[in-house]
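Spelled out, the chains give:
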Amino acid sequence: MKTGFDNDKYLKEQSEEIRRRAGKYGRLYLEFGGKLMNDFHAARCLPGYDPNVKLRLLQSLKDQAEIILCIYAGDIERKKMRADFGISYADDAMKLIDDLRNLGLLVRGVVITRYQEQPAARQFRAKLELRGVRVYFHYKTAGYPADVDTIVSDMGYGKNEYVKTERPIVVVTAPGPGSGKFATCLTQIYHEYRMGNVAGYSKFESFPVWNLSLDHPLNIAYEAATIDLNDKNMIDPYHLEAYGKEAVNYNRDIDAFPLLVAIWQKMTKGACPYRSPTDMGVNRIGFGIIDDEVVRNACKQEVIRRFLRYQCLFAEAGIDRASVERANQLMTSLCLKPEDRVVVEAARRTAEEAHLQGKGKAGGTIVSGSAIQLKDGRIVTGRNSDEMHAAAAMVMNAVKTLSGIPSQIPLISPNIIRSIAHMKQDILKVGYTSLNLDEALIGLAISSTTNPAAQIAMEKLSELRGCEVHMTHMVTPGDEAGLRRLGCRYTSDPYYASNRLFNDQ
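If you're wondering where the values come from, they're calculated on a predicted model, not measured in any experiment.

Rules and cut-offs
- Residues numbered from 1 in each chain as written.
- Predicted model: local features only at pLDDT ≥ 70, side-chain atom pairs only at ≥ 80, totals over all residues.
- Heavy atoms only, no water.
- Helix = DSSP H or I, 4+ residues; strand = E, 2+ residues; numbered from the N terminus.
- Rg over C-alpha atoms; globule rule 2.2 N^0.38 Å.
- Buried < 20%, exposed > 50% of the residue type's maximum accessible area, 1.4 Å probe, protein only.
- Contact = heavy atoms within 4.5 Å.
- Areas by Shrake-Rupley, 256 points an atom, 1.4 Å probe, with all protein chains shown as cover.
- Lys, Arg positive; Asp, Glu negative; His and termini not counted.
- Charge placed at Lys NZ, Arg CZ, Asp CG, Glu CD.
- Pairing = 2+ DSSP bridges.
- Axes fitted to C-alpha atoms, helices over the stretch in contact; angles between N-to-C directions.
- 1 Å grid on protein atoms, 1.4 Å probe; cavity = no way out; pocket = protein on both sides within 12 Å on 5 of 7 lines; lining within 4 Å.
- Points joined across faces, edges and corners; volume = space filled by probe spheres on them.
- Nonpolar A, V, L, I, M, F, W, Y, C, P; charged D, E, K, R; others polar.

When its secondary structure is counted, the protein chain shows 20 helices and 14 strands. Here the C-alpha atoms of the protein chain give a radius of gyration of 25 Å, agreeing with the 23 Å that 2.2 N^0.38 yields for 505 residues. With the principal axes as the frame, the protein chain shows a C-alpha extent of 75 × 50 × 40 Å. Per-residue burial over the protein chain gives 54% buried out of 505 residues. Sequence separation of 24 or more characterises 69% of the internal contacts of the protein chain that already satisfy a separation of 6 or more. Counting every atom, the protein chain has about 22,500 Å² of accessible surface; 51% of that belongs to carbon and sulfur. For the protein chain, the distance from the average position of its 66 positive side-chain charges to the average position of its 61 negative side-chain charges is 3 Å.

Moving on to the sheet that holds strand β8 (residues 199-204). Where strands meet in a sheet, backbone hydrogen bonds hold them as pairs that are either parallel or antiparallel. The sheet built from six strands is open, its strands ordered β6-β5-β2-β7-β1-β8 with parallel pairing. Of all the strands in the sheet, just β6 (135-139) and β8 have a single pairing partner and so form its edges. Taken pair by pair, the neighbouring strands of this sheet meet at an average axis angle of 25 degrees, ignoring direction.

Attention shifts here to empty space enclosed by the protein. Rolled over the atoms, a probe as big as a water molecule pinpoints where empty space is left. Under the defined criterion, the tally for this structure stands at one cavity of 30 Å³ or more. Of the volumes computed, that of the largest cavity is approximately 80 Å³. With four residues, helix α5 (residues 89-102) is the largest single contributor of residues to the lining of the largest cavity. Split by residue class, the lining of the largest cavity holds six nonpolar, one polar and five charged.

Attention now moves to unusual backbone geometry. At the junction of Tyr 144 and Pro 145, the peptide bond is cis and its omega measures out at 10 degrees in the coordinates. Within the secondary structure, Pro 145 sits in the loop between β6 and α7 (148-151). With an omega of -5 degrees, the peptide bond running from Phe 207 to Pro 208 counts as cis. Residue position: Pro 208 is located in the loop between β8 and α9 (217-225). With phi around 50 degrees, Arg 114 is a residue other than glycine that occupies positive phi space. Counting through the fold element by element, Arg 114 comes out in strand β5 (residues 107-115). Given the relative accessible area of 34%, Arg 114 is considered partly exposed. One non-glycine residue, Ala 317, lies in the positive phi region at around 60 degrees. Along the chain, Ala 317 falls in the loop between α13 (292-315) and α14 (321-333).

Glancing now at the side chain of Arg 306. For Arg 306, the location among the structural elements is in helix α13. For Arg 306, a relative accessible area of 17% gives the class buried.

Before going further, it helps to spend a moment on the pairing of strand β1 (residues 27-32). Burial analysis of β1 places six of its six residues in the buried class, the great majority of the element. Alternating residues of β1 divide into Arg 27, Tyr 29 and Glu 31 and Leu 28, Leu 30 and Phe 32, and every residue in both groups is buried. Pairing analysis gives six bridges linking β1 to β8, with the strands arranged parallel. Looking at the pairing, Leu 30 lines up with Ser 202 of β8. As judged from the four bridges shared by β1 and strand β7 (residues 169-173), these two strands associate in the parallel manner. Counterpart to Leu 30 in the pairing with β7 is Val 171.

This part covers the sheet that holds strand β12 (residues 379-383). Pairing is mixed in the open sheet, where four strands are placed in the order β12-β11-β13-β14. In this open sheet, the two edge strands, each paired with only one partner strand, are β12 and β14 (489-492). In this sheet, neighbouring strand axes are inclined to one another by 15 degrees on average, regardless of whether the strands run parallel or antiparallel. The sheet contact formed by strand β11 (residues 369-373) and β12 spans five bridges and is antiparallel. Residue pairing across strands places Ala 371 opposite Thr 381, the latter belonging to β12. Here helix α16 (residues 390-403) sits on the sheet in contact with β11, β12 and β13 (468-471), set at roughly 145 degrees to β12.

Bringing the pairing of β7 into the picture now. With five of five residues buried, β7 is to be regarded as a mostly interior element. With burial as the criterion, each face of β7 is covered, one bearing Ile 169, Val 171 and Thr 173 and the other bearing Val 170 and Val 172. Judged from the five bridges that link them, strand β2 (residues 65-72) and β7 form a sheet pairing that is parallel. Within β7, the residue paired with Glu 66 across the bridge is Val 170.

Given below as structure tokens:
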């Protein structure tokens, strides 16, 4: 797999810029946009990018920096999920605290933003405080966005609890977007100035990339990733006016800039240090690109993955049609079609061949196919049967291919398959007996104790991490769990695997 990004070059550029910004103030509040850890979107778009490179950056600054974690009370209340891990934002916040502490980084506290007496938010606060984590409530800002006098007063930012900080760099991060990081930074700066301290603000935002063109696939891939937030990339008009140079930013920062200037002047009784929203950002990611063509191709693949995902979300009534239409517009802007993702055509062809051979299953289950592209470029397929889901068959075929095991040799003992089917159907009273991927992986592990071929094949599972997968049906829970654990990048067509209304597979 070709590399398009140099982490070390990026780290050097980014850390130097952060230190330069911090040197201007007694304390710098640095808003971390995007994901602090496991930034797989960036890794997919920038081949070679370390998903945890931001942690490496923080470790290089750990004697100077401390961390505030934000989470929106509404996300706690409705148990908003992080799709790439399948865990809630609340759980991800706790996981993030553990991971940061394990790396020797100081987490000063958690801010629950836009708190409106939600019971789940109170419970989350109690849970954290019983474990020794300080938690603070911030409220919906009175007067926002028009009434600056109220915003910058005891009724606005002054109503929020102040997080006492000590180090010169305070990183404000969150499990996901819309968590209130910006308001938390301004609240802190408001309190700092009331106490006579000089504090500053900057934003660490990976995307969009200000020094790439508006139509660069990397910036378009960012738009595809944030359709649900209604983000749109734009030329920063303030930057163009101030410097006569084009820079790419996105609508929310551009729209909010006049308000930031007004709030800053009201809070500090001085001029805003920034002439444009692009000036606020500390974004050197563009300087880490070492092969633009590799990055362009990777970003086009990400746009296709997002398009397929939005189609599935629409089929599940998870988003509106406008989001699908926007995703389709981004595909058109890059002259892309789903078949430009090579595993798509392979999976569909496998399903069609199985259908023509009369391999469909009874009980309302639809014949389906799946395909995986190995890291050496080979395509391996699978289809559903009475014994296995298509995803499970695909993975078994893939590890056979990697191990050089003939296709006719079974990896999972037929006795084990029958035993699992008996337990599911006769004991647990589940309405299906074929093994989903998660169950098949367990079956492979059990078989490896007596079957040398299974042992060899199981050791090859780690080579599937980062491989591209497509299925002709929407992923079932058991298949999704297995694909996530294997680290595969999967997409699917917007069709259900069965005509049953309830799917617990």
